[in-house]
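Residue-level listing of the chains:
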Amino acid sequence: MCHKHVATAVYEAGVMAAISIFWTATVIAQSIHPPAPAIVPPAAAAEAGSEPHTLSAFALPNSDADETAHIFGLDSKLQRLSTLQSERPSDVPTTLEELSARQELLESVQASFLDVDSVLAELANEQSDLSSIRAALQNRRDKTVNRLTTAALLTGSGLSAGVSATQFSGLGSTTQDVGDAIGIGSGAASTILSILAARAQKGPSVRVEETPNMLAPLLGGVPVGNTHYPPEVLQYLQSPPMGKDPSRGTRLEQLMAEWDKAGRLSAADPATRRRQIAALTASDDPAIKLTIDQLTDRIAMLGDVRGRVSLMKRDLANIMRSYSALEREQK
């Protein structure tokens, strides 16, 4: 009987040891290779009330932001990130692929900002150069006009006093005739000086050197220097605004209509238009000299283009602001 009890005890001890070894091995295996989480379909998750926030509900604030996102290819990156987030259950941490998609989106938005900034910098640079040239011409013009106006005033008023002195009745007729001649001469000289002062209001002209011509790609001219528009910016300018009347044309066509209305770019006379475009896009051309009025028109038109391009930064900011708001909701 004793031997029987000993054998039973040894058997039971062996079984318990085997169970313990099996359990330990199972726990270690699960810790090294955890089971894949169950994928819950979106519909089932919604029914369970645990659907995560995803970019499928992401909506840009306006049609302009939608258009800018499409032009820069951000819509496809947003869609990819939306898909990854919608397929991830709420109780599963962010995957490496999703983090990579976020990083790609942020880098693309940053590159888009820099592309727009590069155009704005070139536009501002040309405006600054032309403004300095115009200021120098205006200074020369003002000095010339002031000299001619002063000379006309002195000629008219000073010689008039001498003429009056020769008209006393006690003086001979010869003296009076000399006075009359002086009066006629002073009047003619004063008139000529006044005409010259009026003509000098136009100011001198000057050749523009070593300056970008950012209007050239838009008006069919030849770009020089660092004149460059990224394809996305050109596409934006050459596209009609979304949600607006398409009959008004593209953004660039709308600008040209405004320039025609202001007299800066003629649409009726082809010859006049060619001369205007030559002046608006001239850079380091010895055959073309610009007046103060032409410089003023060119500076104003660069400002118009700069304003339209700047709206792309507004749209990019709206894209990221909307996405950041959604990211905060997910947290």
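The structure this text deals with has already been given above.
Described in the following lines is the structure provided in the data block. (Residues numbered from 1 in each chain as written. Predicted model: local features only at pLDDT ≥ 70, side-chain atom pairs only at ≥ 80, totals over all residues. Heavy atoms only, no water.)

A closer look at the overall build of the chain
Here is the rule we go by: Helix and strand assignments come from DSSP, with helices taken as H or I runs of at least 4 residues and strands as E runs of at least 2, each series counted from the N terminus. Using a 1.4 Å probe on the protein chains alone, a residue whose accessible area is under 20% of its type maximum counts as buried, one over 50% counts as exposed, and one in between counts as partly exposed. Contacts between residues were defined by any pair of non-hydrogen atoms, one from each residue, lying within 4.5 Å. We get accessible surface area from the Shrake-Rupley algorithm with a probe of 1.4 Å; when it comes to residues, only the shown protein chains can shield them.
Summing up its helical and strand segments, the chain has 11 helices and zero strands in all. Listed N to C, the secondary structure of the chain is α-α-α-α-α-α-α-α-α-α-α in terms of helices and strands. For the chain, the residues scored as buried account for 32% of the 331 residues in total. Partitioning the contacts of the chain with sequence separation of at least 6, the portion at a separation of at least 24 is 72%. On the chain, roughly 19500 Å² of surface is accessible, and the fraction owed to carbon and sulfur atoms is 58%.

Things to note about the environment of alanine 279
The residue alanine 279 is located in helix 10 (residues 270–280) in this model. The spatial distance from the C-alpha of alanine 279 to the C-alpha of valine 208 is 9.5 Å, given a sequence separation of 71 residues. Among residues more than four places away in sequence, those in contact with alanine 279 are Ile288, Leu290, Gln294 and Arg298.

Looking at the side chain of arginine 251
To keep it simple, the criterion reads: For the purposes of these results, a polar contact is taken to be a pair of N or O atoms within 3.5 Å, where, inside protein, one atom must be able to donate a hydrogen and its partner to accept one; residues adjacent in sequence count only when each atom of the pair is a side-chain atom.
Assignment of secondary structure puts arginine 251 in helix 9 (residues 251–261). A polar contact is formed between the side chain of arginine 251 and the backbone oxygen of tyrosine 236, at a distance of 2.9 Å. Residues in contact with arginine 251, not counting those within four places in the same chain, are Asp64, Glu67, Tyr236, Leu237, Ser239, Pro240, Pro241 and Arg308.

Concerning the nonpolar core
Nonpolar side chains in soluble globular proteins tend to end up buried together. The condition is simple: Put simply, a nonpolar core is a bunch of buried Ala, Val, Leu, Ile, Met, Phe, Trp, Tyr and Cys residues held in one set by side-chain atoms that sit within 4.5 Å of each other.
By size, the foremost hydrophobic cluster in this structure holds 47 residues, and its most contacted members are Leu74, Leu215, Leu219, Tyr229, Trp259, Val305 and Val309. At the level of secondary structure, the elements contributing two or more residues to this core comprise helix 3 (63–71), helix 4 (74–87), helix 5 (96–165), helix 7 (216–219), helix 8 (231–237), helix 9, helix 10 and helix 11 (292–330). A per-element tally of this core places helix 11 first, with 12 residues. The contacts of leucine 219, once residues within four sequence positions are left out, are Met256, Trp259, Leu265, Ile277, Leu280, Thr281 and Met301.

Considerations on the pattern of salt bridges
Quick reminder of the rule: Counted as salt bridges are all cases of a side-chain nitrogen of Lys or Arg within 4 Å of a carboxyl oxygen of Asp or Glu.
Scanning all chains against the criterion turns up 11 salt bridges. Between arginine 314 and aspartate 64 there is a salt bridge, and its shortest N-O distance comes to 3.3 Å. Here the residue arginine 314 occupies a position in helix 11, and aspartate 64 occupies one in helix 3, the gap between them amounting to 250 residues. Among the residues examined, arginine 314 registers a relative accessible area of 34% and is labelled partly exposed. Across the pair arginine 141 and aspartate 142 runs a salt bridge, and its minimum N-O distance is 3.3 Å. According to the relative accessible area criterion, aspartate 142 is partly exposed, its value standing at 35%. It is possible to trace a salt-bridge network through shared partners that takes in Asp64, Arg314 and Asp315.

Here we look at the packing of aromatic side chains
Between two aromatic rings, the relevant description is the distance of the centres plus the angle of the planes. To keep things clear, this is the line we draw: Working definition: a ring pair exists when centres of Phe, Tyr or Trp rings (six-membered ring for Trp) sit within 6.5 Å. Plane angles under 30 degrees give stacked, over 60 give edge-to-face, the rest tilted. In our convention, an over-ring charge means Lys NZ or Arg CZ found within 6 Å of a ring centre and within 35 degrees of that ring's normal.
This model, assessed by the stated rule, comprises zero aromatic pairs. We note arginine 251 situated over the ring of tyrosine 236; from NZ or CZ to the ring centre the distance is 3.8 Å.

Section: the environment of isoleucine 133
Its location among the elements puts isoleucine 133 in helix 5. With 72 residues separating them along the chain, isoleucine 133 and serine 205 place their C-alpha atoms 9.9 Å apart. What isoleucine 133 contacts, discounting residues up to four positions off in sequence, is Val206, Val208 and Leu295.

Considerations on helix 10
To keep things clear, this is the line we draw: Along the arc lie the directions from the helix axis toward the C-beta atoms.
All buried positions along helix 10 are accounted for by Gln276, Ile277, Ala279 and Leu280. Within helix 10, the buried residues cover an arc of 160 degrees as seen down the axis, which keeps them to one side. Seen from the buried face of helix 10, the exposed residues on the opposite side, beyond 90 degrees, are Pro270, Arg274 and Arg275. Put simply, aspartate 269 is the residue that caps the front of helix 10, since its side-chain oxygen is 3.2 Å from the backbone nitrogen of alanine 271.

Don't take any of this as a statement about function, it's just geometry.
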